[in-house]
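Chain and residue survey
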Amino acid sequence: GLNSKLHAVRDGERLISSSQKSLSDGEKRLKRAQDQVARAEREISSARSDRSKGENMIASGTSDMLKAEADYALIRSGPSAVTPQ
């Protein structure tokens, strides 16, 4: 009778208390995971940007080298800069 109802109330209170702790722990873990996802997304974005910058630097440097080599080839094939004495 009354004793079993009192026992059920206590069990219910314990269950609520333990579920509240589980809920709180789960929410904290979810928040940490969301922060880690956001941080990883920023790292990926930054790495992609750096890669693009690097590719542009390579393209520009290659273009500059080819132009310098072409200019040098023109100078080498042209008349001497000093007149032999």
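Scroll up for the structure.
Residues numbered from 1 in each chain as written. Predicted model: local features only at pLDDT ≥ 70, side-chain atom pairs only at ≥ 80, totals over all residues. Heavy atoms only, no water.

Some remarks on the overall build of the protein chain
For the protein chain, the count of helices and strands is one helix and zero strands. Considering the protein chain as a whole, with its 85 residues, one finds that 0% of them fall into the buried category. Element-wise, carbon and sulfur atoms account for 59% of the exposed surface of the protein chain, whose accessible area totals about 8000 Å². Side-chain charges in the protein chain split into 15 positive and 12 negative, and the spacing between the mean points of these groups amounts to 9 Å. (Helix = DSSP H or I, 4+ residues; strand = E, 2+ residues; numbered from the N terminus. Buried < 20%, exposed > 50% of the residue type's maximum accessible area, 1.4 Å probe, protein only. Areas by Shrake-Rupley, 256 points an atom, 1.4 Å probe, with all protein chains shown as cover. Lys, Arg positive; Asp, Glu negative; His and termini not counted. Charge placed at Lys NZ, Arg CZ, Asp CG, Glu CD.)

A look at the pattern of salt bridges
Scanning the model with the defined rule gives five salt bridges in all. Of the charged contacts in the structure, one is a salt bridge between Asp25 and Lys21, with a shortest N-O distance of 2.9 Å. Note that Asp25 and Lys21 are positioned in helix α1 (residues 2-77) at a spacing of four residues, about one turn of the helix. What makes Asp25 partly exposed here is its relative accessible area of 25%. (Salt bridge = Lys/Arg side-chain N within 4 Å of Asp/Glu carboxyl O.)

Describing the environment of Lys21
Take Lys21: its relative accessible area is 53%, and that puts it in the exposed class. Note: C-alpha distance between Lys21 and Asp11 (ten residues apart in sequence) is 16 Å.

Quick word on the environment of Ala73
Structurally, Ala73 can be placed in helix α1. Given a relative accessible area of 43%, Ala73 falls into the partly exposed group.

With respect to the environment of Ala38
One can find Ala38 in helix α1. The spatial distance from the C-alpha of Ala38 to the C-alpha of Lys28 is 15 Å, given a sequence separation of ten residues.

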